[in-house]
Every structure is written in C-alpha cells, then in structure tokens.
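Each chain, letter by letter, is given below.
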Amino acid sequence: MELLMSVVVGVFFMVGTYLLMTRSLIRVVIGINLLSHATHLLLLTMAGLKTGAPPLLNRGETEFSDPLPQALILTAIVISFGITAFTLVLAYRTYKVNKTDDLDQLRGSHDE
Amino acid sequence: MSLMHWAILLPFIFAIFVPILYKYIRPVHTGWFVLIIPTVLFLYFLPYISSIANGETFYEAVPWVPSLGIDFAAFLDGWSLLFVLLITGIGALVVLYSIYYLDKKHEAIHNFYVYLLLFMGAMLGVVLSDNLIVLYVFWELTSLSSTLLISYWFQRDASIAGAQKSLNITVFGGFAMLAGFALLYVITGTFSIQEMIGQADVVINHELFLPTMILILLGAFTKSAQFPFHIWLPDAMEAPTPVSAYLHSATMVKAGIYLVARFTPVFGGAPEWFWVISGFGLFTLLWGSLSAIRQKDLKGLLAYSTISQLGMVMCLLGLGSAALYFDEANELYTVAILAAVFHLFNHATFKGSLFMCAGIVDHETGTRDIRSLGGLMLVMPATATISLIGAASMAGLPPFNGFLSKEHFFMAITDATQYGIFNMETAGMLFPVIGWVASVFTFVYCCIFFFKTFAGPFNADRFAKTVHEAPVGMLISPAILGLIVITVGLFPNLLSQSIIEPSMASILNGLPMDNEAFAVDIEHWHGFSAELFMTIGVIAFGSLIYVSMGKWKELSIYKKSEDVFSPLYDSSISGLIKGSQKITNVQMTGRLRDYFAYISVFFLIVVGWTMIRYDAFAIDLQYISEVNSFEVALVVLLLVSVLSLPFIQQRVAAIVMLGFIGFLIALFFVNLRSADLALTQLLIETVLVILFMLAFYHLPELRKETKRLTFNWTNALISFGVGLMVTLVAFSAFTFGQENDFSPISEYYIENSADLAGGYNMVNVVLVDFRGLDTVLEVLVLGIAALAVIAVIRLKLKEGDDV
Amino acid sequence: MKWKTNNLLFIHVTRVVSFLILAFSIYLFFAGHNDPGGGFIGGLMTASSILLLYLTFDKRKIDEMLPIDYVSLISAGLLIAFGTGFIGLFIGDPYLTQYFDYFTLPWIGEFELATAVLFDVGIYLGVAASALVIILTIAGDQ
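Keep in mind that what you see is a predicted model, and the values were worked out from it rather than measured.

1. Here's the deal with the overall build of chain B
- Scanning chain B for helices and strands turns up 34 helices and two strands.
- Relative to a compact globule of 803 residues, whose C-alpha radius of gyration would be 28 Å, chain B shows 36 Å and is clearly more extended.
- With the C-alpha coordinates aligned to their principal axes, the bounding extent of chain B is approximately 115 × 65 × 50 Å.
- Here chain B holds 803 residues, and 57% of them are scored as buried.
- By sequence separation, contacts in chain B at least 24 residues apart represent 79% of the contacts at least 6 residues apart.
- Here chain B has roughly 32,400 Å² of accessible surface; of this, 67% comes from carbon and sulfur atoms.
- Chain B carries 38 positive and 57 negative side-chain charges, and their two centres are separated by 19 Å.

2. Some words on the interface of chain B and chain A
- Each partner contributes to the interface: chain B provides 95 residues, whereas chain A provides 79 residues.
- Around 8,400 Å² of area is buried between chain B and chain A when both sides are counted, 76% of it from carbon and sulfur atoms.
- Broken down by secondary-structure element, the contributors of at least two residues to the side of chain B that touches chain A are α27 (592-613), α28 (629-644), α29 (651-671), α30 (675-698), α31 (713-740), α32 (746-757), α33 (762-770) and α34 (772-794) of chain B.
- Among the elements that make up the side of chain B that touches chain A, the one with the highest residue count is α31(B) (14 residues).
- Here the side of chain B that touches chain A is composed, by residue class, of 62 nonpolar, 21 polar and 12 charged.

3. Observations concerning unusual backbone geometry
All names here are of chain B.
- Each neighbour pair has its own omega, and for Phe227 with Pro228 the value is 0 degrees, a cis peptide bond.
- Note that Pro228 resides in the loop between α10 (209-223) and α11 (232-235).
- Of note in the backbone geometry, Ala225 takes a positive phi value of approximately 55 degrees without being a glycine.
- Tracing the backbone shows Ala225 in the loop between α10 and α11.
- Overall, Ala225 belongs to the buried group, its relative accessible area being 0%.

4. A look at helix α12 (residues 241-250) of chain B
- The element α12(B) is largely enclosed, with a buried count of 10 among its 10 residues.
- Within the span of α12(B), buried status applies to B:Thr241, B:Pro242, B:Val243, B:Ser244, B:Ala245, B:Tyr246, B:Leu247, B:His248, B:Ser249 and B:Ala250.

5. Here's the deal with the pairing of strand β1 (residues 58-65) of chain B
All names here are of chain B.
- Here seven bridges tie β1 to strand β2 (residues 70-76), and the two strands are oriented antiparallel to one another. Bridge pairing links Tyr59 to Phe75 in β2.
- Between β1 and β2, which pair antiparallel in sequence order, lie four residues; one of them, Gly69, sits at a positive phi of approximately 75 degrees.

6. Focus: the packing of aromatic side chains
Residues and elements named next belong to chain B.
- Per the stated rule, a full pass over the model turns up 38 aromatic pairs over all chains.
- Ring geometry for Phe450 against Phe451: centres 5.3 Å apart, planes inclined by 80 degrees, an arrangement best described as edge-to-face.
- Judged by relative accessible area, Phe450 falls into the buried class, the value being 6%.
- Of the residues examined, Phe451 reaches a relative accessible area of 37% and is grouped as partly exposed.
- An aromatic cluster is defined as three or more aromatic residues linked by ring pairs; in this entry it consists of Phe181, Phe209, Phe263, Phe267 and Trp273.
- One Lys or Arg, Arg26, reaches over the ring of Tyr22 and ends 4.4 Å from the middle of that ring.
- Lying over the aromatic face of Trp139, Lys223 brings its terminal NZ or CZ to 5.2 Å of the ring centre.

7. Some words on the domain arrangement of chain B
- According to the domain assignment, chain B consists of domain 1 (3-201 + 224-365 + 382-458 + 468-571), domain 2 (588-756) and domain 3 (757-803).
- Between domain 1 of chain B and domain 3 of chain B, the C-alpha centre-to-centre distance is 59 Å.

8. Examining the side chain of B:Thr190
Residues and elements named next belong to chain B.
- With respect to the secondary-structure elements, Thr190 resides in the loop between α7 (157-188) and α8 (193-198).
- The exposure class assigned to Thr190 is buried, which follows from its relative accessible area of 8%.
- Separated by 3.0 Å, the side chain of Thr190 and the backbone nitrogen of Ser192 make a polar contact.
- Leave out the neighbours within four places in its chain, and Thr190 touches Tyr185, Glu195, Met196 and Gln199.

9. Topic: the packing of helix α14 (residues 271-293) of chain B against helix α20 (residues 430-454) of chain B
Residues and elements named next belong to chain B.
- Two elements in contact, α14 and α20, have axes whose closest approach is 8 Å; the angle formed by their N-to-C orientations is 30 degrees. Here α20 runs roughly parallel to α14, going by the angle between their axes. For the pair α14 and α20, the crossing hand works out as left-handed. Across from Trp275, Ser278, Leu282, Leu285, Leu286, Ser289, Leu290, Ala292 and Ile293 in α14, the residues of α20 making contact are Leu430, Phe431, Ile434, Gly435, Val437, Ala438, Phe441, Thr442, Val444, Tyr445 and Ile448.
- Partitioned by chemical class, the residues of the contact of α14 with α20 number 16 nonpolar, four polar and no charged.

10. A look at the packing of α7(B) against helix α13 (residues 255-267) of chain B
Residues and elements named next belong to chain B.
- As a packed pair, α7 and α13 sit with axes 15 Å apart at the nearest point and diverge in direction by 25 degrees. Looking at the two axes, α7 sits roughly parallel to α13. Crossing of α7 against α13: the hand is left-handed. Facing Met177, Phe181 and Leu184 of α7, the residues of α13 in contact are Leu259, Phe263 and Phe267.
- Split by residue class, the contact of α7 with α13 holds six nonpolar, no polar and no charged.

Reading guide: rules and limits
Residues numbered from 1 in each chain as written. Chains lettered and ligands numbered in written order. Predicted model: local features only at pLDDT ≥ 70, side-chain atom pairs only at ≥ 80, totals over all residues. Heavy atoms only, no water. Helix = DSSP H or I, 4+ residues; strand = E, 2+ residues; numbered from the N terminus. Rg over C-alpha atoms; globule rule 2.2 N^0.38 Å. Buried < 20%, exposed > 50% of the residue type's maximum accessible area, 1.4 Å probe, protein only. Contact = heavy atoms within 4.5 Å. Areas by Shrake-Rupley, 256 points an atom, 1.4 Å probe, with all protein chains shown as cover. Lys, Arg positive; Asp, Glu negative; His and termini not counted. Charge placed at Lys NZ, Arg CZ, Asp CG, Glu CD. Buried area = accessible area lost by both parts, 1.4 Å probe. Nonpolar A, V, L, I, M, F, W, Y, C, P; charged D, E, K, R; others polar. Pairing = 2+ DSSP bridges. Phe/Tyr/Trp six-rings, centres within 6.5 Å; stacked < 30°, edge-to-face > 60°. Lys NZ or Arg CZ within 6 Å of the ring centre and 35° of its normal. Domains from an automatic or database assignment. Polar contact = N/O pair within 3.5 Å; in protein donor to acceptor, adjacent residues only side chain to side chain. Axes fitted to C-alpha atoms, helices over the stretch in contact; angles between N-to-C directions. Parallel < 35°, antiparallel > 145°, perpendicular 65-115°, else oblique. Left-handed = near helix turned anticlockwise from the far one by under 90°.

Below you can see the structure in the form of structure tokens.
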C-alpha cells in the first residue's frame, strides 16, 4: 500500500509541477492545488498507513493510526484552502486588469 | 557596566535626545547642547593620563555573547588614551566650530549632530574595544556615520557620489578585516586582542598567517586611505568642513593606523608585516604629496596632504615593527615608533586647524579654488596667522611641532638603512630618498596652500560675497589648535612622559619597559646631523620648486587634478553594475514558468545530491501493508483523473475533475482511518469548487480553449524528475522510519489525551490542547488570506494605472 | 449573487436542508473533543450551509436576514482563541494551557466542561468567517 501511495504522490507531484510550468494562469492555480493534495498524502504515507483504528480513544481500541500527521494535515488542508483561494483570486484579478491569462504576455517590462 | 562602557555609550544615548532638543528649543543652537558630551568625556578621561603614565592599564568586560567568546570588553592603555583624547578633545573643538559654521535656521543641524554623535561613540568604541567582534561592529559604524556625514548635503550629486564611494571602499575593507578576525580566531581561539598578544609566536608561525595579515591590513589600509584605496578621501571632502576636520583628518582615517599599531605586538617582527606596511606607507607618502600639488581646491589639497601624512605614519609603524624582531628596545628601531606617535598627534593638531581655516575661507568668500583666491592676508589677518602656523608646522619648519616629528621621521628612515635585516642594507636605501623627495613636495604644497590663499593683491570684485574676517566664535577652535602647535613645538617634552611613552609601550608591548629607549627626550637641536641637512635641503629645493611654479603649472600633468585611480574605480563600479544586470537579464526572463523550472531543477539537484551523498535511498518492500481491491480501484481512478488533468481543454471540466480528485482523496482518508481528515477534505472541496465556479462565472472568457497547450518536453522531463524524486523520498522515508523503529511522538498523545486534556478524539486534542498555538496561528493565516482577498478584489485601479 | 433560478424545488429544499446542515455543523463542533469534528470542521460546515443559502436566494435577502459583518467575526474568533490562552498565564501555567473537569447535574448526568471548547469556538468563528469572506468577496465583485 505504501509503495502504491508513494507512486500516487509522485504522479501528483509530476502533474502539479507540469501544470505550474504551463502558460495558462488557471492551470497554475490548479497545479498549486494538486501540489497541496500531494503534500497531504505524502505526510500520511511517510508516517505509515493502516497501523490501527481511527485515533478515537473511546471505542475500546488499543492500536491507533498515528494522530499527529492527521492533525498536521488537517491544519494543512485548511491553510491550502486559503492559499488556493488567494492565488485564484489573484489570477482572477490579474485577468481582469490585464485582459489575458497567458503568462507569456504577462511578462514585466525590461527596465525592471 | 563600568563607567568606561557608559562613556562609549553616552554619545549614542545623547543622540536620541538631539532631535527633541532641536525641535523644542529652537532659539538655542543645538550644538551648544552637543558640546557638553565631548567636553565631559574629555575631562573624564584626562585624569587617566597620570595612572596610564605609571604603566597601569584598565580592563572592564561585560558579557555579550559569552558562548561565542564575545564580550563587550573595554581596554584602556596609552595608545587608546591618545586616541580617546584626540576624539573627545578635537570633537569638542569641532562641535564648537560647527556652531558658527552651520546656520541653525537653514541647515538640518539635528541630522548633523545625530550623525556626529554616532560617529563619536563608534570611534570611542573602536579604540576602547578589546574584543575584535565588538571592535568590528564599531568600525563599521564609523564607516556608516562617515557616509551619512559626507552626504549631509544630500541634495548635491557630488555629496552622494562621494558618500557612496567612501562607503563602498571602507565597507569592503571592513569585510576583509572581519574575515581576518575570523582567521585570527581560528588560529588563537580568542577574540581578545590582549590574549592574542600572548600568542604572537603561534600567529606568526601559523600557515594562515599571510592571508590573515593581508585581510586585516585591507581593513586598515582602506580606512586610512592608503594607496591605492586613497581615492575615497578627496571625494569625501564634499562633507561640511567640520566633518572633514574631524573625521577625515584627525580621527576616523587614523583608525587604520590605530589598528596597525594595535596589531603590531601580534604580527610585528615578521618580514611580510614590515615590508607591506612600510612599503605601502612610503609610496602613499610620495603619491599623496605629488597629488596634493596638483589640487586646485583647498580642501582637496588638504585631503591629499592627509593621505600623504597618513602614509608617513604608516611607514614609520612598519619600520618600528623591526624592534619586535630583535625583541629589544634599541633606540635605533623605537625612534620610528616615537616619530609615528608624535607625528600622529601633531598631524591632528595642525591639520585640524588648517581644515578649519580652509572652512573659514570657504565660508567667508564662497570659494575654495586657489585660482580665484588670493590676498586675504589683510582682510582676514587672524585666519591668515593661524594658517601660517599650521602650514609651517606641516612643512616641517622650526619651531613648530611638525618640525620635531619631521626630524624624527628623517632620523628613523636614515636609521632604517642600518637595521641589517630584511635586506634593508640594499632596498632600504629607497626609504631616505623617497621620504626626502616627498618632504620636498610637502613643503611645496604647504607654500601653495598659504601663499595662493593669503598672499598677493586683494581684489574684492572676484568674490560673490563681501569678504571680512570670520566671527570670533569660529576662530576659537583653530586658534586653540594653533596654540597647541606652538606649545608642543616649544616644549615637546610636555608630551613625552604623558602621551608618547605610554603609547610606545602599548605598541611595543612585551618589550622591557625600563629600557633607556623608552625615555623619550625630544630636543630641537641635534647638532649638525643628517636630519638637519635633510631639512635644510627640503626648504631649499622646496622654495626653488615653488618659485618656479609659473613655469611648471602649464604642464598638462598639473592641469589634470583627478587621480588616475578614480576613473579605474568608476569604470569597475559601472562594469560591475552592467555585468550583474546582464546576469540578471539572462536569468530573470519574466516568465513564471521559467522560475518554476529553476525552483524544480534546484530542488532536484539539492534533494538528489543529499540523498545520494548520505546514501539515504532505502527501498525495502518487507514493511508495506497489504492492498485490497477497493484501494486498487481508488488508486486507479485517482491516477487516471490526475493524469487527464493537463489534457482537459474545457475549464468547467477541469474544475469538475479537480473537485472529483478532492473527493477521491477524502475517500482515501476514510480508508486510512482518518475521519476528521475526510470530513475536512469533503467540506473544503465543496467550498473550493463553489469558489472556482464563482471565479469562472464572472470570467466567462477566462480561457479561450482554442489555444492548444504546447507539449513541452523539457517541462515534462523536469516534472517527471520531480515526481520520481518525491516517490523515492516518500518511500525511503517510510522504510527508514520502519527500519529504525523510532517511537513516534504521538505515543505521548495516545497515552495522555484522555488524562491531560479530557478528550478522546486525539486529532482534535492535538489541535486544541497540545498544539494550540499552532492552530490559532493557522487560523490567523486563513484570516490574513481572507483580508488579502478583499484587498485584491476591492482594489480599484484608475484608468491607465499600472499594478 | 446573480443566479436567477426559478427552481421551486431547489428553493424549498434549501430552506430545510441548509438549516439541517447548520444544526449538524453545531453538533459536529461540540462532538469535536471526543468524536470526529471540532472547530475546523464545524466552521467549514457552517460556512457551507450559509453559502447554500446565498446560492439559492438573492444576496440582498440573505444580507438582511443575517446582518453579520464577517470580517469582524474573523477578528472576534481570533481574539477568543488568543484570549483563552491567557487563562493559563493567570493561573501560572504556560500560555494556552487548557483545563477541563467533569460535573454531574441532576437529570442530565455527568458532563465535561473544558476551556478547550472555548478555544475551539474561536477557531470555529475564525474558519467559518474566513471562508465566507473569501467567497462572498469574489461573488460580490462588480
């Protein structure tokens, strides 16, 4: 399972990175979102999968899956929502001001 | 914190109050308040003379970063005391002078005094610090405050250019010096100068000796304007004259001298030290005096003369370091150190007064150009008298103090040929010759300074202002300095016991103190010795050259007053700027994807290199858990949808696919026993899809799907590399964790969440109880994102505004 | 929001469902300490229930119905979360130490009171309000 997940994470990273390097601004935003998904899965995979029950103490279990990465990922999900939302709004605004979402046309002037 | 520490900090503390005083007590010139500081400090340090003369030293340390061996250690001996008295004494006179020089109505004097106090404190810190790191901090502060003072009239382009030049050169030297200090620490294991002196043998025989010495000397040479770093000093003359008198002749430029003398007990005795310092000093002496003659600007002339005189002191320190080679205080060698210390003091007095006189001339006539000046002797008799004293002392005429130190200089360089070490019998012959030639030119520029300004017919029409004598207040400071010049000239032994001997004892640290050679006795009349004939020769030849000036001033070399090294500096600076612009242009394409490509490739290189270097790839299948068919189906679905994402051309489809991926991941979380994560993921994905849809709702033409995505092989390769690397790292990390059987941090949480936090959902307990601060800060981040969204959306640009 | 829907069924279902979601979100929030749920999840679910209202009805109508300034709600949530941390400081423990105890009341039986719930209220408000602010801002543009 871990091997499979590692491959999934790798594919996520591959596609995410590829999308980051495309010309369309929206694809970049999608790429960022994919990368954050990938990171969450990466954290979970590195901690080891399926070592026990859900981390709830009042169910009579004694073996639990690791709660710490889960807590980390939970906050990371919320933060990545904030980041995705912000980049999306940034892309949206950029389009409205410049009337294009083509990154090649959004290059700065040479004097900068 | 001892009183000595407070003395260093006092100018800094007072600097805070200067703007307040300036703002609320306008009728009184702020300088009067500032004057208190150097005066108090001078009076505080003056009584130390007697105890220092008895061979005492004072050491007080306050721990700063004890783990790194950095203490705020103040050390006072004869050599420091000489500088402290110069800094505070001349400081007081300069502040007094500046009160009349700077108009309180039209000038931003609060800035001026803040910078000046900053400098004063920093300079006291440099000469009183025993710890090299502390010394370095103060050293750079002097560079900084000097730059601020040079650019005081920042409206002028020349001021800014001069300030920048001085900053570039001195800070470059400062950095080199810091590196040298670090090497010294490597060699000796301490930052304390006094402790290093005890390990002088270790330092000299260490393999890092040469680089260490060169780096430290770079710092000293740039600061003391030694050839070829002297070019910043003439440009620094754009500063107000009180600053030139204070920083650029009496104190700051002597910091390099201070440092060289401070390190003489550590490095002295090595032939490299001897030759580098005396050689560069000698050449600077010649170069400075030759260049000074060509100057048309009074202050420019004084600047080059300062360079030349600093070179002379430097040269003397180099020669005197031979005493440490012999390890005995024979008068043959110590006379050089005596001359250095004595001339350092004399130079501060006569050059200070000359600068102030030049400032008065500038202030009253509106020009400093010697071609338009002349005949001021009768209009400004007091200024002329003081200038005459200063110029005569600088030229080395009796009975002024300059004559005495010049005599000792001649004595030292003629003695140097008899050292019998370091090839001095042959190459050493250069010293008296070059020294003498430079002195002839020194005589000439002193004549130019005085006669071109004050002699000749007076023509009032040549000046924009009505020329008259300066106010009395402005004359007080140069007059006091002139008085010292005469007093020391007539009674030189006033200084010999109190100042010169203790200073020599510090520089020649470790040599027997009760030796005859330290018993300084300065006499006017040495009999018909070589020095006397040299002086007579200087006067004769100098007068001859000055009289024939009418002939040689038509030469092209005279007309061009710019230093040959200045264009070199300018072109190297502009070349540096152009070169870095070129590099930046190559790298900064303005294309976002290029930057992402850089980041990804860099990531690949760094992570890959680290993994290979530490042999961290660990692929072992024995720890992996089993896979069921449901998971296989999920993984296949996930892979198919992710891989299809780059090929989708409709934006709505892309958004739906993204949402689909998110929900699949939520299913994964369910399968991996993380209920909280699954819930969060589901909700976030819902909200995010709404958000994406909204953005597109408002942007119906956000992406014209006719534009085909060009499949780029390079990008694909980079992405594939990143994906592969992450897969390997992820799996290696997992295997590593399993192999080494680390006990996870979470065991603590599993054991304690019910007892310590009263909760059974461990994820939630971790969030709110154990890691509460993290959680609340993450919500803070989310809140900031929300505010940023508002800012981006509500930002209304006017037509034609650029973002 | 400009979606002009005349879908009667959608409107009526929304009326009921959104409040069900809201109620469920509050349940999830309180369940947090012992079962899946908590401030993050509860906040997000509340936000989505309110969003559903906004999607279905006119923006003006909802603004009248829920006259809440979400931006100040973010700061209120953060203040509560940061504020609870000071309880620990007053007692002499590190910042953000949480306390709990069990109480028994007649009729209801044993229940738990924890300062962590108060902290979670701050998180809940902050998350819900941030999500709403982000979406409503972009929706309200132009």
